[in-house]
Amino acid sequence: MKTALLRLAAAALVAAALAACSTRAPAPPSPGVPARVAPSVSPPAPAVAGGAPMAQPGSRWVPVAWQELPGLDSDALHEAWNAWVRSCERPPPAFVALCPQVRRLSIGTPQEQRAFLFERLQPYRIEATNGSPDGLLTGYYEPELVAMRQPGNGYTVPLYRAPAGLASRKPWYSRQQIDTLPEAQAALQGRAIAWLADPIDALVLHIQGSGRLRITEPDGSTRMVRVAFSATNDHPYRSVGRWLLDQNLVRDATWPGIKAWIAQNPQRVPEMLWSNPRYVFFKEEPLEGLDAEFGPRGAQGVALTPGRSIAVDRQSIPYGTPVWMASSGPTGQIQRLVLAQDTGSAIIGAVRADYFTGWGQDAGDIAGRLKQGLRLWALWPR
């Protein structure tokens with residue numbers, strides 16, 4: 001672990017570089033305006049990429065020259081190094097020997113960091129097993145919500161801890177059954193962490209997997225806590241937007257479109273919610289000091305870094321792998337070094353990533369708009 005001073009400096013760099021319009025919700029910079037850095041160390045000559053393709057369970061990695069990576073000279077690598085140091089808390093076996101140097105270089109110069117990449121790592125273009133290098137990028141974030149420790153005054157939507165008997169019944173009760181069956185409600189008695197006012201906020205929290213709550217305690221005091229993913233009822237995830245489209249109820253299945261439909265059809269909200277049988281249970285975590293400068297722990301077991309962490313299909317990319325990401329589309333252009341540190345039930349495929357944009361409304365706006373083409377390159381030890 002770095003000292004508290006170094007961690008604070010790294011967090012400050014992330015917050016300064018990744019903040020959107022509001023200082024309370026760090027998010028990636030505008031994808032169309034990459035941070036320009038001075039050219040320094042040149043990559044090796046591109047004549048020979050070197051090595052044979054590597055087979056992963058769900059993808060094929062093809063060795064390429066560094067020159068194939070778009071935007072290689074434009075990324076502010078020091079921002080990504082903070083996420084890489086986090087990955088070194090639980091590194092994949094192939095990176096264990098490199099992690100001491102990764103930690104030392106967290107305060108290195110851009111030239112030293114770039115030279116390390118070129119010397120110690122080999123880029124591999126990630127392809128589907130059929131040879132296609134094209135995929136899809138989406139975004140996710142941590143919602144910030146107002147909550148009450150006890151129900152009342154309009155706060156009637158619970159966020160639950162996992163029930164004691166969850167492991168003995170698979171799948172557990174569906175979302176509709178949890179809302180309507182006395183036996184399901186009895187199993188969750190006393191398991192509520194907090195109460196929200198809006199069932200749609202709760203659904204968003206279930207979809208994103210974690211969130212920050214400004215919670216009011218019984219004595220009237222307020223504090224920030226995190227509710228992190230704990231378990232599910234083992235039902236498949238179904239998109240409520242897809243349900244609305246299939247029912248010909250909306251043409252716009254973005255969150256603004258969904259909320260507009262809800263405003264006109266409040267009596268059908270339970271039906272819409274029940275179209276997604278998957279239900280998420282949470283655990284409460286403190287959110288103080290430097291912990292508040294990072295996201296929740298991803299599937300790798302390390303805290304996520306806004307703008308530098310991605311969720312991937314583990315069958316394609318091992319957790320802890322540094323990845324070069326290039327994406328262009330309606331949201332803008334993104335060309336940068338990121339770390340594979342998380343996964344998700346909808347993140348399936350060789351060239352598939354979910355980009356962690358931070359927390360709060362600004363980050364949510366970016367994540368909600370992000371849906372565009374993607375190419376990925378794994379950076380693997382030579």
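Rules behind the numbers
Residues numbered from 1 in each chain as written. Predicted model: local features only at pLDDT ≥ 70, side-chain atom pairs only at ≥ 80, totals over all residues. Heavy atoms only, no water. Core = buried A, V, L, I, M, F, W, Y, C linked by side-chain atoms within 4.5 Å. Buried < 20%, exposed > 50% of the residue type's maximum accessible area, 1.4 Å probe, protein only. Helix = DSSP H or I, 4+ residues; strand = E, 2+ residues; numbered from the N terminus. Contact = heavy atoms within 4.5 Å. Phe/Tyr/Trp six-rings, centres within 6.5 Å; stacked < 30°, edge-to-face > 60°. Polar contact = N/O pair within 3.5 Å; in protein donor to acceptor, adjacent residues only side chain to side chain. Disulfide = S-S within 2.5 Å. Pairing = 2+ DSSP bridges. Salt bridge = Lys/Arg side-chain N within 4 Å of Asp/Glu carboxyl O. Axes fitted to C-alpha atoms, helices over the stretch in contact; angles between N-to-C directions. Left-handed = near helix turned anticlockwise from the far one by under 90°. Nonpolar A, V, L, I, M, F, W, Y, C, P; charged D, E, K, R; others polar.

**Student:** Outline the nonpolar core, listing residues and values.
**Tutor:** Counting 47 residues, the largest nonpolar core has W81, W84, I310 and M325 as its most contacted members. In this structure, A147, V227, V280 and F282 belong to the second largest nonpolar core, which totals 15 residues.

**Student:** Got a sec to walk through helix α2 (residues 77–87)? Specific residues and values, please.
**Tutor:** The buried fraction of α2 amounts to 10 of the 11 residues, a majority that puts the element mostly inside the structure. Of all the residues in α2, the buried ones are L77, E79, A80, W81, N82, A83, W84, V85, R86 and S87.

**Student:** Which residues make up the side chain of S275, and what are the values?
**Tutor:** Here S275 is to be found in the loop between α10 (269–274) and β10 (280–286). Overall, S275 belongs to the buried group, its relative accessible area being 18%. Apart from residues no more than four positions distant in its own chain, S275 is found in contact with R238, V240 and W243.

**Student:** How would you explain the packing of aromatic side chains if you had to name every residue and give the values?
**Tutor:** Each pair of aromatic rings is reported with the distance of its centres and the angle of its planes. Applying the stated criterion across every chain, the model contains 11 aromatic pairs. Seen from their ring centres, W61 and W380 are 5.4 Å apart, and the 75 degrees between their planes marks the pair as edge-to-face. Of the two residues, W61 sits in strand β2 (residues 59–63) while W380 sits in strand β15 (residues 371–381), which places them 319 residues apart along the sequence. For the pair formed by W61 and W380, the shared burial category is buried. Judged by centre distance (6.1 Å) and plane angle (65 degrees), the ring pair of W81 and F116 falls under edge-to-face. In this pair, W81 is assigned in helix α2 and F116 in helix α4 (residues 110–120), connecting sequence segments 35 residues apart.

**Student:** Hey, could you go over the environment of S316 for me, with residue numbers and the actual values?
**Tutor:** Tracing the sequence through the fold places S316 in the loop between β11 (309–312) and β12 (322–329). Here the alpha-carbon distance between S316 and G58, two residues 258 residues apart in the chain, equals 4.7 Å. Contact partners of S316, with chain neighbours within four places excluded, come to Q56, S59, W61, I126, G349 and A350. One polar contact links the side chain of S316 to the main-chain carbonyl oxygen of A350, over a distance of 2.8 Å.

**Student:** How would you sum up the state of the cysteines? Please name residues and give values.
**Tutor:** Counted by the stated rule, this structure contains 1 disulfide. Disulfide pairing places C88 opposite C99 at an S-S distance of 2.1 Å. Judged by the sign of its S-S torsion, about -85 degrees, the cystine formed by C88 and C99 is left-handed. Pair noted here: C88 is in the loop between α2 and α3 (99–104) and C99 is in helix α3, with a separation of 11 residues, a long-range link.

**Student:** Mind laying out the pairing of strand β9 (residues 222–232), listing which residues take part and the relevant values?
**Tutor:** It is a general feature of regular strands that their side chains alternate between the two faces of the sheet. Sheet topology places strand β8 (residues 210–216) next to β9; 7 bridges connect them, and they run antiparallel. From the neighbouring strand, R212 faces β9, where its bridge partner is R226. Counting the residues that bridge the hairpin from β8 to β9 gives 5 residues, and of these G220 lies at a positive phi of roughly 95 degrees. Inspection of the sheet shows β9 paired to β10 by 7 bridges, in the antiparallel sense. Its bridge partner lying in β10, A228 is registered against K283.

**Student:** Mind laying out helix α11 (residues 361–369), listing which residues take part and the relevant values?
**Tutor:** An α-helical segment advances 3.6 residues per turn. Residues three or four places apart therefore align on the same side. Among all positions in α11, only D362, A363, G364, I366 and A367 are buried. Tucked inside the fold, the buried residues of α11 contact β4 (135–142) and β14 (352–359).

**Student:** Talk me through the pattern of salt bridges; I want residue IDs and the actual numbers.
**Tutor:** All chains considered together, the criterion is met by 15 salt bridges. Between R86 and E89 there is a salt bridge whose closest N-O contact spans 3.5 Å. What makes R86 buried here is its relative accessible area of 9%. R223 is the salt-bridge partner of E284, the closest N and O atoms lying 3.4 Å from each other. Of the two residues, E284 is situated in strand β10 and R223 in strand β9; the sequence distance between them amounts to 61 residues. The class for E284 is partly exposed, based on a relative accessible area of 29%. Each of R60, E68, R125 and E127 takes part in one network of salt bridges that share partners.

**Student:** Could you give an account of the side chain of S59, with specific residues and numbers?
**Tutor:** Considering the arrangement of structural elements, one finds S59 in strand β2. In this structure S59 comes out as buried when scored by relative accessible area, which is 2%. Here the side chain of S59 touches W61 through a polar contact of 3.3 Å, side chain to side chain. A polar atom in the side chain of S59 sits 3.1 Å from the backbone oxygen of S316. When residues no more than four places from it in sequence are discounted, the contact partners of S59 are M54, I126, E127, T129, Q315, S316 and A350.

**Student:** Tell me about the packing of α2 against α4, and name the residues and values.
**Tutor:** Two elements in contact, α2 and α4, have axes whose closest approach is 10 Å; the angle formed by their N-to-C orientations is 65 degrees. Crossing of α2 over α4 shows left-handed handedness. The residues of α4 that touch α2, namely those facing L77, H78, W81 and W84, are Q113, R114, F116 and L117. Residues belonging to the contact of α2 with α4 are distributed by class as follows: 5 nonpolar, 2 polar and 1 charged.

**Student:** Residues and numbers for the pairing of β8, please.
**Tutor:** Burial analysis of β8 places 6 of its 7 residues in the buried class, which makes it a mostly covered element. Of the strand pairs in this sheet, strand β5 (residues 144–148) and β8 are connected by 5 bridges, and their pairing is parallel. Bridge assignment links M148 to a residue of β8, and that residue is T216.

Structural measurements only, silent on function.
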